[in-house]
Amino acid sequence: MGSSFIIILFAVVVIGGLGSIVGAVVAGFLVGLVEAYGQAYAPQLSQIVIFVLMALVILIRPAGLFGREENA
């Protein structure tokens, strides 16, 4: 029960950046918009589009949208 929400929340945290509350809020709105447009235009692919977005963000900014990269 609720496993689909947990998977979407994982994507929101990764997109926003771990430890960034502002990033999580912005990513939540972004994921909500992407899911709504996905449901409107391609209902079969709406869940996949979220993870494609997550993959793109990880490729461009590995720390997330508002996350900070750590120095080694």
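Since we're looking at a predicted model, the values are computed, not measured.

Caption draft 1: Highlighting the overall build of the protein. From N to C terminus, the protein includes three helices and zero strands. Sequence-ordered secondary structure for the protein, helices as α and strands as β, is α-α-α. For the protein, the C-alpha radius of gyration of 12 Å lies close to 11 Å, the compact-globule estimate for 72 residues. Its C-alpha atoms put the protein at 40 × 25 × 15 Å along the principal axes. A burial count over the protein gives 29% of its 72 residues as buried. Partitioning the intrachain contacts of the protein with sequence separation of at least 6 by distance along the chain shows that 55% fall at a separation of at least 24.

Caption draft 2: Just the side chain of S46, in detail. Relative to the helices and strands, S46 resides in helix α3 (residues 46-60). There is a polar contact of 3.4 Å between the side chain of S46 and the backbone oxygen of P43. Among residues more than four places away in sequence, those in contact with S46 are E35, G38 and Q39.

Caption draft 3: The confidence of the model for the protein, seen in detail. Confidence in the prediction of the protein, expressed as mean pLDDT, is 86, and 97% of residues score 70 or more. At the low end of the mean pLDDT range in the protein sits helix α1 (residues 3-16), at 87; at the high end sits helix α2 (residues 21-41), at 91.

Caption draft 4: Up close: a nonpolar patch on the surface. A contiguous nonpolar patch, built from L45, I48, V49, V52, L56, L59 and I60 and spanning about 680 Å² of accessible area, is present on the exposed surface. Within the secondary structure layout, V49 lies in helix α3.

Caption draft 5: The arrangement of α2 in detail. The end-to-end C-alpha distance of α2 is 30 Å, a good match for the 30 Å that 21 residues give at a rise of 1.5 Å each. Buried residues of α2: G23, A27, V31, V34 and G38, and no others. The arc enclosing the buried residues of α2, seen along the axis, measures out at 70°, which places them on a common side. Structural note: α2 exposes I21, V22, F29, L33, Y37 and A40 on the side pointing more than 90 degrees away from its buried face. For α2, the secondary structure elements touched by its buried residues are α1 and α3. Put simply, S20 is the residue that caps the front of α2, since its side-chain oxygen is 3.0 Å from the backbone nitrogen of G23.

Parameters and conventions
- Numbering of residues begins from 1 in every chain and follows the order in which that chain's sequence is written.
- Local features in this predicted model are restricted to residues of pLDDT 70 or higher, and side-chain atom pairs are both shown and tallied only at a pLDDT of 80 or more, whereas totals for entire chains, interfaces and linings draw on every residue.
- To get the side-chain values, all heavy atoms of the structure are used, and hydrogens and water are removed first.
- Helix numbers and strand numbers start at the N terminus; a helix is a DSSP run of H or I with at least 4 residues, a strand a run of E with at least 2.
- The globule rule used here is 2.2 Å times the number of residues to the 0.38 power, and the radius of gyration it is set against is calculated over C-alpha atoms.
- Three labels apply to residues, based on accessible area from a 1.4 Å probe with only protein chains included: buried if under 20% of the type maximum, exposed if over 50%, partly exposed otherwise in between.
- By definition, residues are in contact when any of their heavy atoms lie within 4.5 Å.
- What qualifies as a polar contact is a pair of N or O atoms within 3.5 Å, subject to a donor-acceptor requirement within protein and to the restriction that residues adjacent in sequence count only when both atoms come from side chains.
- Per-residue confidence from the predictor is given as pLDDT, running between 0 and 100.
- Distance thresholds for patches are 9 Å for like charges and 5 Å for nonpolar side chains (Val, Leu, Ile, Met, Phe, Trp, Tyr), applied to residues having over 30% relative accessible area and no salt bridge.
- Using the Shrake-Rupley algorithm and a 1.4 Å probe, accessible areas are obtained, with residue cover drawn only from the displayed protein chains.
- Salt bridge, as used here, is a side-chain nitrogen of Lys or Arg placed within 4 Å of a carboxyl oxygen of Asp or Glu.
- In this analysis, the expected span of each helix is defined as 1.5 Å times one less than the number of residues it contains.
- Arc definition: it is the arc formed by the directions from the helix axis to the C-beta atoms.

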